[in-house]
Amino acid sequence: GWDRREAHIKATSERGRLMLDVSSSRLTLEEERRGSSMWGSGRRGETRYEVSVPRGVRVVARSTSGDITVRGTGGPVEASSTSGDVAVTDATRRIEVSSISGDVTARTLRGSVDASSVSGDVELDDVEGDVRAETTSGDIVLAGVVSRDVEASTTSGEVTFTGDLANDGRYE
């Protein structure tokens with residue numbers, strides 16, 4: 001995020017047409033792929049979005065096949081990828097980060113955090129607030145966590161926690 005009351009967008013696509021929808025409260029970027037069919041994804045190539053928004057606004061980022069990075073928004077973040085890594089830095093209030101097949105990394109978080117991956121590691125660092133971290137096949141690393149409510153689970157992997165424990169806290 002930045003301190004201007006405006007958004008700045010830089011978007012490129014090698015495989016489809018980019019569509020932008022803007023209202024007073026929402027900015028939506030989407031890619032309409034050329035040559036898509038039920039038999040395949042069509043043309044291959046990279047699509048890249050770089051969006052700067054005012055600090056504190058809510059950011060929702062979704063990807064079917066690609067990595068997501070959200071930095072410096074200072075507001076709520078919801079970031080999810082079906083097949084790709086997800087990284088979030090400097091978010092507040094409600095933070096949701098997830099990937100079906102990829103690693104989830106988040107740092108400098110202040111608020112309620114929900115981080116998950118089905119097949120990948122989950123790493124959270126410098127967190128103040130309630131934490132729920134889950135993966136089916138991967139490790140969970142929680143470092144620098146200050147919380148009275150932490151829930152971490154993995155089916156096939158290890159859980160590592162470093163942080164202060166509150167006497168009245170719940171750590172599972």
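Here the structure is shown first, and the text comes after it.
Predicted, not measured: the structure shown is a model, and the values here were computed from it.

Caption draft 1: Spatial organisation of the overall build of the chain. A tally of helices and strands in the chain yields 0 helices and 13 strands. C-alpha extents for the chain along the principal axes are approximately 55 × 40 × 15 Å. In the chain, which comprises 172 residues, the proportion classed as buried is 30%. Contacts in the chain between residues at least 24 apart in sequence constitute 13% of all its contacts with a sequence separation of at least 6. Entry remark: accessible area of the chain is about 10,300 Å², with carbon and sulfur atoms responsible for 44%.

Caption draft 2: Molecular detail of the nonpolar core. Judged by nonpolar contacts, the single largest core of 27 residues is most densely connected at V88, V97, L109, L124 and L142. Contributing elements (two or more residues each) for this core: β5 (59-65), β6 (68-71), β7 (77-83), β8 (86-101), β9 (104-119), β10 (122-128), β11 (131-137) and β12 (140-156). Not counting the four nearest positions on each side in its chain, L124 is found in contact with A106, L109, V113, A115, V131, A133, V141, L142 and A143.

Caption draft 3: Focus on unusual backbone geometry. Although it is not a glycine, D90 sits at a positive phi angle of roughly 65 degrees. Topologically, D90 is positioned in strand β8. In this model, D126 sits at a positive phi of 60 degrees, which is unusual for a non-glycine residue. Here D126 lies in strand β10. Exposure remark for D126: the relative accessible area of 29% places this residue in the partly exposed category.

Caption draft 4: Structural detail: the pattern of salt bridges. What the rule picks out here adds up to 13 salt bridges. With a closest N to O distance of 3.0 Å, R55 and D90 form a salt bridge. Of this pair, R55 sits in the loop between β4 (47-52) and β5 while D90 sits in strand β8, placing them 35 residues apart in sequence. Overall, the relative accessible area of 41% leaves R55 in the partly exposed class. Linking E128 and R110 is a salt bridge whose minimum nitrogen-to-oxygen distance equals 3.7 Å. With E128 in strand β10 and R110 in strand β9, the pair connects residues that are 18 residues apart, well separated along the chain. What emerges from the salt-bridge pattern is a single network uniting R94, E96, D114, R132 and E134.

Caption draft 5: Main features of the packing of aromatic side chains. Taken as a whole and judged by the stated rule, the model has 1 aromatic pair. Seen in terms of ring centroids, F161 and Y171 are 6.1 Å apart; in terms of plane orientation they differ by 55 degrees. Their pairing is tilted. With relative accessibility at 28%, the residue F161 sits in the partly exposed group.

Caption draft 6: Structural view of a nonpolar patch on the surface. There is a patch of nonpolar side chains on the surface, built from L20, V22, L27, Y49 and V51 and spanning about 420 Å² of accessible area. Elements represented by at least two residues in the nonpolar patch include exactly β2 (16-22) and β4. Along the polypeptide, Y49 turns up in strand β4.

Caption draft 7: Broad picture of the pairing of β8. The pairing of β6 with β8 spans 4 bridges and is parallel. Looking at the pairing, V70 lines up with V88 of β8. By the bridge criterion, 6 bridges tie β7 to β8 in an arrangement that is parallel. The residue of β8 that forms the bridge with E78 is E96.

Caption draft 8: Looking closely at a negative patch on the surface. On the surface, D67, D85, D103, D121, D139 and E158 cluster together into a negatively charged patch. Here E158 is to be found in the loop between β12 and β13 (159-171).

What counts and what doesn't
Residues numbered from 1 in each chain as written. Predicted model: local features only at pLDDT ≥ 70, side-chain atom pairs only at ≥ 80, totals over all residues. Heavy atoms only, no water. Helix = DSSP H or I, 4+ residues; strand = E, 2+ residues; numbered from the N terminus. Buried < 20%, exposed > 50% of the residue type's maximum accessible area, 1.4 Å probe, protein only. Contact = heavy atoms within 4.5 Å. Areas by Shrake-Rupley, 256 points an atom, 1.4 Å probe, with all protein chains shown as cover. Core = buried A, V, L, I, M, F, W, Y, C linked by side-chain atoms within 4.5 Å. Salt bridge = Lys/Arg side-chain N within 4 Å of Asp/Glu carboxyl O. Phe/Tyr/Trp six-rings, centres within 6.5 Å; stacked < 30°, edge-to-face > 60°. Patch = residues over 30% accessible without salt bridge, like charges linked within 9 Å, V, L, I, M, F, W, Y side chains within 5 Å. Pairing = 2+ DSSP bridges. Lys, Arg positive; Asp, Glu negative; His and termini not counted. Charge placed at Lys NZ, Arg CZ, Asp CG, Glu CD.

As far as function goes, none of this settles anything; it's purely spatial.
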